[in-house]
Amino acid sequence: MKTVTILGSTGSIGCSTVDLIKGHCDKFKVRALTAHKNVALLARQAQELQAEYAVIADKDLYGNLKEALKNTTVKVEAGHPAVVTAAGLPAQWVMAAIVGAAGVEATFRAIQQGTTVALANKEALVCAGALMIDAAQKYGTTLLPVDSEHNAIFQVLNPARMDQVKRIILTASGGPFLRKTRQELADVTPEQAVRHPTWSMGAKISIDSATMMNKSLEIIEASYLFKLKSEKIDVLIHPQSIVHSMVEYIDGSVLSQMGAPDMRTPIAHALAWPERIATTGSTLNLSNNLHLSFEPIDLTRFPSVQMARQVLQAEGGAPAVFNASNEVAVAAFLTRKLKFFHIENVVEKVLQNMKINSPSNLHDVFSLDQEARRQAEGVVAGMG
Ligand code: NAD
Ligand code: MG
């Protein structure tokens, strides 16, 4: 039995992880589940999986969770520090699936326990990439990428032969507005923007996919995970979301991993690694007239991809600022305070205006994150 913890169990990735564990309950024992506000779902998951701990980040909801789990043996905790503590409880495998910079501390704590961390929370790696990678090395933690592109690359990349890698190619579906011009995006609503054509995901990453910020964050994520410079990370539009990414070697071989657009495949890969387990999700039907197409990305239409490359070149604290200002802009769009096509402008303005120091610890990262958020709020207010 592998002891596992899921940080962000009530989200899209969290629920897919729970689904896989339920399908293999003889193999896994759940140490802790954490969530932000969804008491009912967290309580149900904790009971179904017989979790040892259920932790709700919103401390005002402690009483509700306690009540929901009163006739069970599940231990109840609440508050942000309790989420971070849960991340550090001994477990053989931790899924880091909190969305955004809110997950940085818990993800870092999980890495510090020297275990295997399945990393979905890409924003944590973007904000504090160098610190996370150093900590993984120091504590002997194995980082397994869950993001479908990075998981695909992990499956076909030989880390001992990095000198023979010509480039990696991240595929991008292009999101719901791939064929729309920037002008046509003027009155796009949150409801339209979250409707992703191939993937079913949480609201924040769905908006990131529509702006292509998701791919920008993924370039930075890949750079840290695979120790590659921006020049060796390409992006290709692949609307079917079946080839999840590729590695091109110097001899011309291009290796890829394919699968249905269902996150249960990369999660299952991370959950069982280095073994494999059956997925509880959908699988590819290769005989169903499968059509795969690839096209270059239009960088004038999706400027954030270039921004990500500049951010990587600047190094230091720029990725944390890039991420924080994007989080503010996405939240403002979702609450109808900002137009969709202004999301990138907010990020660009904050990057231009802010004096960005290089962080040497998590405290520095949080300071940068807070200042970027403050400046981004100001830019949003000015645009509204
Ligand atoms: P989601 O919004 O569906 O779920 C987020 C989870 O984080 C929930 O359990 C929520 O309760 C928890 N959470 C949110 N704010 C929190 C806070 N302040 N404190 C503690 N917990 C908090 O998000 P998602 O789509 O599951 O994405 C999770 C992460 O995985 C993101 O970083 C995303 O980029 C990444 N990811 C998701 C997908 C996908 O298919 N959904 C694919 C690749 C990568
Ligand atoms: Mg991805």
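Residues numbered from 1 in each chain as written. Chains lettered and ligands numbered in written order. Predicted model: local features only at pLDDT ≥ 70, side-chain atom pairs only at ≥ 80, totals over all residues. Heavy atoms only, no water.

1. Some remarks on the coordination of the magnesium ion (ligand 2)
And then number 1: Around the magnesium ion (ligand 2), the protein supplies Asp 147 (OD), Glu 149 (OE) and Glu 218 (OE) as donor atoms, at distances of 2.1 to 2.3 Å.
And then number 2: Here the donor residues for the magnesium ion (ligand 2) map to a single chain with the spacing D-x1-E-x68-E. Here Glu 149, found in helix α7 (residues 148–156), pairs with Glu 218, found in helix α10 (residues 213–226); they are 69 residues apart in sequence, far enough to count as distant. The same class applies to Glu 149 as to Glu 218, namely buried. (Donors = N, O, S within 2.8 Å, 3.2 Å for Na, K, Ca; no water. Helix = DSSP H or I, 4+ residues; strand = E, 2+ residues; numbered from the N terminus. Buried < 20%, exposed > 50% of the residue type's maximum accessible area, 1.4 Å probe, protein only.)

2. Here's the deal with the side chain of Ser 173
And then number 1: With respect to the helices and strands, Ser 173 occurs in the loop between β8 (165–172) and α8 (190–193).
And then number 2: Here Ser 173 falls in the buried class, since its relative accessible area comes to 13%.
And then number 3: Of note is the side chain of Ser 173, whose polar atom sits 3.0 Å from the backbone nitrogen of Gly 175.
And then number 4: Among the polar contacts made by the side chain of Ser 173, one reaches the side chain of His 196 at a distance of 3.1 Å.
And then number 5: Apart from the residues within four sequence positions on either side, Ser 173 is in contact with Leu 178, His 196, Thr 198, Ile 237, His 238, Pro 239 and Ser 241. (Polar contact = N/O pair within 3.5 Å; in protein donor to acceptor, adjacent residues only side chain to side chain. Contact = heavy atoms within 4.5 Å.)

3. Notes on the sheet that holds strand β4 (residues 75–78)
And then number 1: Pairing in this open sheet of 7 strands is parallel, and the strands run β4-β3-β2-β1-β5-β6-β7 from one edge to the other. In this open sheet, the two edge strands, each paired with only one partner strand, are β4 and β7 (142–145). Between one strand and the next, the sheet's axes are offset by a mean angle of 20 degrees, whatever the strand orientation.
And then number 2: Relative to strand β3 (residues 53–56), strand β2 (residues 28–35) is paired through 4 bridges, and the arrangement is parallel. Of the residues in β3, the one forming a bridge with Thr 34 is Val 55. (Pairing = 2+ DSSP bridges. Axes fitted to C-alpha atoms, helices over the stretch in contact; angles between N-to-C directions.)

4. As for the pairing of β8
And then number 1: Burial analysis of β8 places 6 of its 8 residues in the buried class, which makes it a mostly covered element.
And then number 2: Where β8 meets strand β10 (residues 243–249), 5 bridges bridge the pair, whose relative direction is antiparallel. In the sheet register, Leu 170 faces β10, and the bridge partner there is Ser 245.
And then number 3: Relative to strand β9 (residues 233–237), β8 is paired through 5 bridges, and the arrangement is parallel. Following the sheet pairing, Ile 169 is matched in β9 by Asp 234.

5. Side note on the nonpolar core
And then number 1: In terms of nonpolar packing, the biggest core is built from 93 residues, with Ile 168, Phe 322 and Phe 340 touching the most fellow members.
And then number 2: Apart from residues lying up to four places away in sequence, Ile 168 is in contact with Ile 153, Ala 222, Phe 226, Leu 228, Lys 232, Ile 233, Asp 234, Met 246 and Val 247.
And then number 3: Grouped together as the second largest cluster of nonpolar side chains are 38 residues, Val 18, Leu 33, Ile 56 and Trp 93 included. (Core = buried A, V, L, I, M, F, W, Y, C linked by side-chain atoms within 4.5 Å.)

6. Observations regarding the side chain of Glu 248
And then number 1: The residue Glu 248 is located in strand β10 in this model.
And then number 2: Only 2.7 Å separates the side chain of Glu 248 from the side chain of Arg 167, close enough to count as a polar contact.
And then number 3: Apart from the residues within four sequence positions on either side, Glu 248 is in contact with Val 165, Lys 166, Arg 167, Ile 169, Ser 253 and Val 254.

7. Considering the domain arrangement of the protein
And then number 1: When cut into domains, the protein gives domain 1 (2–145), domain 2 (147–261 + 281–300) and domain 3 (315–384).
And then number 2: A separation of 26 Å is found between the C-alpha centroids of domain 1 and domain 2.
And then number 3: Taken together, the contacts link 13 residues of domain 1 with 18 residues of domain 2.
And then number 4: Both faces considered, domain 1 and domain 2 share a buried interface measuring about 1,300 Å² in area, 68% of it formed by carbon and sulfur atoms.
And then number 5: Counting across the domain 1 and domain 2 interface gives 3 salt bridges.
And then number 6: Put simply, Lys 122 and Glu 218 hold a salt bridge, and the shortest N to O gap is 2.9 Å.
And then number 7: Of all elements in the fold, only α6 (122–139) and β7 reach the threshold of two or more residues within the side of domain 1 that touches domain 2.
And then number 8: Residue contributions to the side of domain 1 that touches domain 2 peak at 7 residues, all from α6.
And then number 9: Broken down by class, the residue content of the side of domain 1 that touches domain 2 amounts to 9 nonpolar, 2 polar and 2 charged. (Domains from an automatic or database assignment. Buried area = accessible area lost by both parts, 1.4 Å probe. Salt bridge = Lys/Arg side-chain N within 4 Å of Asp/Glu carboxyl O. Nonpolar A, V, L, I, M, F, W, Y, C, P; charged D, E, K, R; others polar.)

8. What to know about helix α15 (residues 362–383)
And then number 1: Taking 1.5 Å of rise per residue, 22 residues should cover 32 Å, and α15 covers 31 Å from first to last C-alpha, within 8% of that figure.
And then number 2: All of the buried residues along α15 are Leu 362, Val 365, Leu 368, Asp 369, Ala 372, Ala 376, Val 379 and Val 380. The buried residues of α15 all sit within an arc of 110 degrees when viewed along its axis, so they share a single face. Counted as exposed and oriented over 90 degrees from the buried face of α15: His 363, Gln 370, Arg 374, Ala 381 and Gly 382.
And then number 3: Here the buried face of α15 lies against α5 (104–112), α6, α13 (318–334) and α14 (343–353). (Expected span 1.5 Å × (residues − 1). Arc of directions from axis to C-beta.)

9. Observations concerning the layout of surface pockets
And then number 1: Empty space within the second largest pocket amounts to approximately 520 Å³.
And then number 2: Put simply, the parts of the chain that give the lining of the second largest pocket at least two residues each are α6, α10 and α12 (304–314).
And then number 3: Ranked by the residues each element gives to the lining of the second largest pocket, the list is headed by α6, at 8 residues.
And then number 4: Residue composition of the lining of the second largest pocket, grouped by class: 12 nonpolar, 6 polar and 5 charged. (1 Å grid on protein atoms, 1.4 Å probe; cavity = no way out; pocket = protein on both sides within 12 Å on 5 of 7 lines; lining within 4 Å. Points joined across faces, edges and corners; volume = space filled by probe spheres on them.)

10. Side note on empty space enclosed by the protein
And then number 1: Evaluation of the coordinates by the stated rule reveals 1 cavity of 30 Å³ or more.
And then number 2: Volume-wise, the largest cavity comes out at about 30 Å³.
And then number 3: Counting contributing residues per domain, the lining of the largest cavity is built from domain 2 (147–261 + 281–300) and domain 3 (315–384), each supplying no fewer than three.

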